[in-house]
Amino acid sequence: MSGSPSLLDELGTLEKEALAAVEAASTPGELEAARITFLGRKEGRISGILRRLGEMDPAERPRVGARANEVKKALQEALDRREEALATGRGTPGAEGPDLTLPGRAAWIGGVHPVTRVIDDLVEIFRELGFTRARGPEAETEWYNFEALNTPLDHPAADEQDTLYLKGGHLLRSHTSPVQVRVLEQYEPPIRILAPGMVYRRDTFDATHTPAFAQLEGLVVDEGVTFVDLKATLAEFARRYWGPDTKIRFRPSFFPFTEPSAEVDVKGGDGEWLEIMGAGMVDPAVLEAAGLDAERYTGFAFGMGPGRIGLLRHRIPDLRLFLENDVRFLSRFARP
Ligand code: DAH
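(A) Fine view of the site of the ligand. If you check the shell around the ligand, you find 16 residues, and the closest are His175, Ser177, Arg201, Gln215 and Glu217. The separation between a nitrogen atom of the ligand and a polar side-chain atom of Ser177 is 2.9 Å. One of the side-chain nitrogen or oxygen atoms of Gln215 is found 2.8 Å away from an oxygen atom of the ligand. Contact with the protein chains hides 92% of the accessible area of the ligand, taken as 360 Å² for the molecule alone. Among the residues forming the shell around the ligand, the class breakdown is five nonpolar, nine polar and two charged.

What follows is the structure, given as structure tokens:
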């Protein structure tokens, strides 16, 4: 009988076929199918050959059995290698598993709101100039919001800052200036503070107005503070924020809590004058309302809108964008 050479031949052919099938497998599923086809216990083709050992000359059986084991071992090794290759992405292009050639996907971890960022930048510059941060309540009294700031309730300046009234005689502060009075009551001069926070007005909601917005208040009070200190401080601030060639100008204005009062404009790189803040020398009536000796102390104050500053800086056409929580807009300001 010539059974043994033909079984050995069959094993040789099967080995080649099996190794080719393993290499051709491009997914874990195809690889598993190849394993079952060749190494499967019941239906596998090697098992099939071994089941036919009985047809053979008993003297030849050990050779065929040994050869079958060799083929099994080679095949198992090839399967292991291929499995590893598919798992690490070194398989055929387009195979399942991670494709390490793709660009990474950046994780969105959120960011600081653009207006908060402006505030942080402004506070940092003033910190270098010796200012510390102060805060006051958003629910204020008429005394702090108006009267202590030299603004009688029937004064037209109070109408301009009409706001929302709460139960119990409180109102939502219409500006951050009341923090001036609270700080003056609490601390001895010299005082150099910056008070950022939200303020509220009975305003329309349009491209240039929102009924809630951020303000940044500054206050300096000490012996011998003059208008020169005000100008020098604000000019230095403007140069640090908008660049070394920035100019500032003061236009006469009116605020009940400062005398004299000014609107301050800055001219940045593009040559346009931008109206940035109100400022002035603290009115002696404000110092007195806070219990200070106005003969001994003088000071200056200023107030600006960080939202407006951000708007000008980033050429944003509509203030409402700051309040809509649209991530497509907000994510453009995220710092890495
Ligand atoms: N409180 C003013 C407002 O909301 C802004 C302001 C002007 C603040 C002049 C000041 C100042 O401290 O000196 O319109």
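Read on for the rest.
(B) Geometry of the nonpolar core. Counting 36 residues, the largest nonpolar core has Leu122, Phe126, Leu234, Phe237, Met277, Phe302 and Met304 as the members making the most contacts within it. Per element, the largest residue contribution to this core is seven residues, and it comes from helix H5 (residues 114-128). Excluding anything up to four places from it in sequence, Leu234 contacts Phe126, Ile248, Phe250, Val264, Met277, Ala279 and Phe302. Core analysis: the second largest hydrophobic core is formed by 22 residues, Tyr144, Leu149, Leu287 and Ala290 among them.

(C) Structural view of the pairing of strand S6 (residues 247-255). Note that S6 and strand S7 (residues 258-267) share eight bridges and pair antiparallel. Among the inter-strand pairings, Phe250 is bridged to a residue of S7, identified as Val264. Remark: two residues form the turn of the hairpin made by S6 and S7, two consecutive strands paired antiparallel.

(D) Up close: the packing of H5 against helix H11 (residues 306-314). The interhelical angle for the contact between H5 and H11, taken along N-to-C directions, is 100°, at an axis separation of 9 Å. Classified by the angle their axes make, H5 and H11 are roughly perpendicular. Together, Val115, Val118, Ile119 and Leu122 of H5 and Pro306, Gly307, Ile309 and Gly310 of H11 make up the contact between the two elements.

(E) Layout of the packing of helix H2 (residues 28-39) against helix H4 (residues 61-87). The geometry of H2 relative to H4 is characterised by a closest axis approach of 10 Å and an angle of 175° between their N-to-C directions. If you check the angle between H2 and H4, you find them roughly antiparallel. Residues Pro28, Leu31, Arg35, Phe38 and Leu39 of H2 form the contact with H4, whose participating residues are Lys72, Leu75, Gln76, Leu79, Arg82, Glu83 and Leu86. Broken down by class, the residue content of the contact of H2 with H4 amounts to seven nonpolar, one polar and four charged.

Each value, and the rule that gives it
Residues numbered from 1 in each chain as written. Predicted model: local features only at pLDDT ≥ 70, side-chain atom pairs only at ≥ 80, totals over all residues. Heavy atoms only, no water. Near = heavy atom within 4 Å. Polar contact = N/O pair within 3.5 Å; in protein donor to acceptor, adjacent residues only side chain to side chain. Areas by Shrake-Rupley, 256 points an atom, 1.4 Å probe, with all protein chains shown as cover. Nonpolar A, V, L, I, M, F, W, Y, C, P; charged D, E, K, R; others polar. Core = buried A, V, L, I, M, F, W, Y, C linked by side-chain atoms within 4.5 Å. Buried < 20%, exposed > 50% of the residue type's maximum accessible area, 1.4 Å probe, protein only. Helix = DSSP H or I, 4+ residues; strand = E, 2+ residues; numbered from the N terminus. Contact = heavy atoms within 4.5 Å. Pairing = 2+ DSSP bridges. Axes fitted to C-alpha atoms, helices over the stretch in contact; angles between N-to-C directions. Parallel < 35°, antiparallel > 145°, perpendicular 65-115°, else oblique.

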